[in-house]
Amino acid sequence: MGISSTLYTAISGLQSNSQAMGVTGNNISNSNTTGFKSGSSIFSDVLASSISSASGDSEIGRGSQLATVQTNFSQGTFESTESSTDLAIEGDGFFIVSAPGNDLMLYTRNGSFSFDDEGYLTTADGFRVQGSLYAGNGQLNEGLLTDIKVDMLSQIPATQTENVTVINNLDSSSDILGAFDITQPTDSSNYSTTSIIYDSLGTEHTATCFFTKNANQTWEWNIAVESDEITGGGANDFTVINSGVLSFDTNGNLLTGGSGISAAITWSNGSDPNQVVTYTFNTTQFDSDSTIISQNQDGYSAGEITSVDIGSDGTVSALYSNGESIDIAKVSLATFVNPNGLSSAGGSLYSATASSGNPSVGYPGGSQGSLVVQSLELSNVDLAAEFVDLITIQNGYNASSKVITTVDEMLQEVLNLKR
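Below you will find a few notes about this structure. Per chain, residues are indexed from 1 in the order of the written sequence. Whole-chain, interface and lining totals are the exception, using all residues; otherwise, since this is a predicted model, local features are given only for residues with pLDDT of at least 70 and side-chain atom pairs are given and counted only at 80 or more. Side-chain figures throughout are based on the complete set of non-hydrogen atoms in the structure, without hydrogens or water.

## Focus: the overall build of the chain
Helix and strand counts for the chain stand at two helices and 29 strands. Computation of the radius of gyration draws on C-alpha atoms, with the globule rule given as 2.2 Å multiplied by the number of residues to the power 0.38. Since a compact globule built from 419 residues should have a radius of gyration of about 22 Å, the 38 Å found for the chain marks it as more spread out than a globular shape. Scored against the burial criterion, the 419 residues of the chain give a buried share of 39%. Pairs of residues are marked as contacts when any of their non-hydrogen atoms sit within 4.5 Å. Expressed as a percentage of contacts within the chain between residues at least 6 apart in sequence, the contacts between residues at least 24 apart total 63%. About 21,200 Å² of surface is accessible on the chain, with carbon and sulfur atoms providing 48% of the total. Secondary structure elements follow DSSP: runs of H or I no shorter than four residues count as helices, runs of E no shorter than two count as strands, and numbering proceeds from the N terminus. Burial status follows relative accessibility: with a 1.4 Å probe on protein chains alone, a residue under 20% of its type maximum counts as buried, one over 50% as exposed, and anything between as partly exposed. Computed with a 1.4 Å probe, the accessible areas rest on the Shrake-Rupley method; for each residue, only the protein chains presented here act as cover.

If you want it as structure tokens, here you go:
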């Protein structure tokens, strides 16, 4: 190999270091890009020819080349945000997105999402986030990838109350009053509590349960509503719609009368004329103040969607003005056997290749990685390391250029031999 060939060897050094400078420059320019993964320049040498001598065969190199740019998929740090649709992944997973009307799936670590004017959960560039939808029965259609969409104009219809559960204590030291008198409900009861009942139109009604002690281990209960709210209500302020007896053992534990108690109600506002409400009492009779520990009922009024929440398990839920929530979808994540084989598609997106292997699709948790809500993953670029690379690459570039000038001087000496 002649001395002039060394010029091309040095040129390869200039080229490879120039390309490496481009990689480092790209890393630095994306140091503030959400979810960006830095690249590393991997060099390799170039063999051109071999020479033979008494000591054996040897190879002469022809310089260097940039063999590959390896993406560093190490975990980036998290930044807390105020947006409920901002998501970050702790682990190896990728969000799955696709362009509208395109079946090609792309993958990203940038979880800066928002809902567009059509209700689709999208990236800043309009790619739609993929997941599985919940059916009307509340069951998740597992494994079926589709665009995540929330109808922002949806309403949830009213549901009438069917069950009321009361957990309370009745004071065993209360006076025995005898029979309950609806004309004097306060004077003829030891304790009372109210609960909300919704009819089929979503109208809210107040039902009062009066407890009257009529023996040492026996309490009478009467559920009453305002008379003008029901058809056929009596002349008194309240009308009893159901009643029963709770009996206790000597330890204050409930023996009978605590479950399967139903009341049929006909409201006067045109709602379902045969609404049946089942009261279940989980009551004790201890020597402590009569009190309600908790009570709940399963009805609610109509409601409009007010916001959308994404949980740490990836569940997208619509929240309504009546306090109810409905699960809409679940965000899917993908992992790869060889993430370094992914091909960059720009915009912090990657596409699968034969080298990366097919994606393994699942939901947050386990090998897919965990979701961190109201957070974004920052770029994993280490600026200190990048500046060190800048120095190294610059030195390599300068050294290669020095080879060219040195070879030029040697060639000039050869040309001067004819003088």
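On we go from here.
## Quick word on the side chain of Ser351
Take Ser351: it is sitting in strand E26 (residues 349-351). Sequence-distant contacts of Ser351, that is, excluding residues within four places in its chain, are made with Leu106, Tyr107, Leu342 and Ser343.

## Looking at the environment of Gly136
Assignment of secondary structure puts Gly136 in the loop between strand E9 (128-133) and strand E10 (146-147). Taking the relative accessible area as the measure of exposure, Gly136 reaches 88% and is therefore exposed.

## Here we look at the packing of helix H1 (residues 5-29) against helix H2 (residues 383-416)
In a packed pair of helices, the relevant descriptors are the angle between the two axes and the axis-to-axis distance. Contact pair H1 / H2: the axes reach a minimum separation of 9 Å and the direction vectors enclose 160°. With respect to each other, H1 and H2 are oriented roughly antiparallel. In terms of crossing hand, the pair formed by H1 and H2 is left-handed. Among the residues making up the contact of H1 with H2, the classes are represented as 16 nonpolar, ten polar and two charged. To define axes, lines are fitted to C-alpha atoms, for helices over the stretch in contact only, and angles between the resulting N-to-C directions are given on a 0 to 180 degree scale. Here the angle decides the label: under 35 degrees means roughly parallel, over 145 means roughly antiparallel, 65 to 115 means roughly perpendicular, and every other value means oblique. Crossing handedness is defined as follows: a turn of the near helix away from the far one that is anticlockwise and smaller than a right angle gives a left-handed crossing, while the clockwise case is right-handed. Residues were grouped as follows: Ala, Val, Leu, Ile, Met, Phe, Trp, Tyr, Cys and Pro as nonpolar; Asp, Glu, Lys and Arg as charged; and all remaining residues, including Gly, as polar.

## Regarding the sheet that holds strand E17 (residues 254-256)
Any two strands between which DSSP finds at least two bridges are classified as paired. Pairing is antiparallel in the open sheet, where five strands are placed in the order E13-E14-E15-E16-E17. Either end of the sheet is taken by a strand with one partner, and the two such strands are strand E13 (191-198) and E17. Sheet twist, expressed as the average angle between the axes of neighbouring strands with direction ignored, equals 35°. In this structure, E13 lies alongside strand E14 (residues 204-215), joined through eight bridges in antiparallel fashion. Paired with Ile197 across the two strands is His205, which belongs to E14.

## Overview of the packing of aromatic side chains
Aromatic pairs are defined between Phe, Tyr and Trp rings, using the six-membered ring for Trp, whenever the two ring centres lie within 6.5 Å; interplanar angles under 30 degrees are classed as stacked, those over 60 as edge-to-face, and all others as tilted. One pass over the full model with this rule turns up twelve aromatic pairs. Centre to centre, the rings of Phe73 and Phe94 are 5.6 Å apart; their planes meet at 75°, and the pair counts as edge-to-face. Within this pair, whereas Phe73 is found in the loop between strand E2 (56-71) and strand E3 (78-80), its partner Phe94 is found in strand E5 (residues 94-98), the two being separated by 21 residues in sequence. Assessed through its relative accessible area of 2%, Phe94 is described here as buried. Measuring from ring centre to ring centre gives 5.9 Å for Phe210 and Phe238, while their planes differ by 80°; the resulting arrangement is edge-to-face. With Phe210 in strand E14 and Phe238 in strand E16 (residues 238-248), this residue pair connects regions lying 28 residues apart in the sequence. Members of the aromatic cluster, joined through ring pairs, are Phe73, Phe94, Tyr107, Phe336 and Tyr350. Directly above the ring of Tyr120 sits Arg128, whose terminal nitrogen or CZ lies 3.6 Å from the centroid. Placement of a charge over a ring requires the Lys NZ or Arg CZ to be within 6 Å of the ring centre, with the centre-to-atom vector within 35 degrees of the ring normal.

## Remarks on the environment of Phe78
Along the chain, Phe78 turns up in strand E3. Looking at Phe78, the relative accessible area reads 33%, which means it is partly exposed. For the pair formed by Phe78 and Ser370, sequence separation is 292 residues and the distance between their alpha carbons is 13 Å. Once residues lying within four places of it in the same chain are set aside, the contact partners of Phe78 are Ala88, Ile89, Glu90, Val372, Leu376 and Glu377.

## Things to note about the sheet that holds strand E12 (residues 163-169)
Read across the sheet, four strands follow the order E18-E19-E12-E20 without closing on themselves; strand pairing throughout is mixed. Edge strands, defined here as strands with exactly one partner in the open sheet, are strand E18 (261-265) and strand E20 (291-297). Ignoring strand direction, the axes of neighbouring strands in this sheet form an average angle of 20°.

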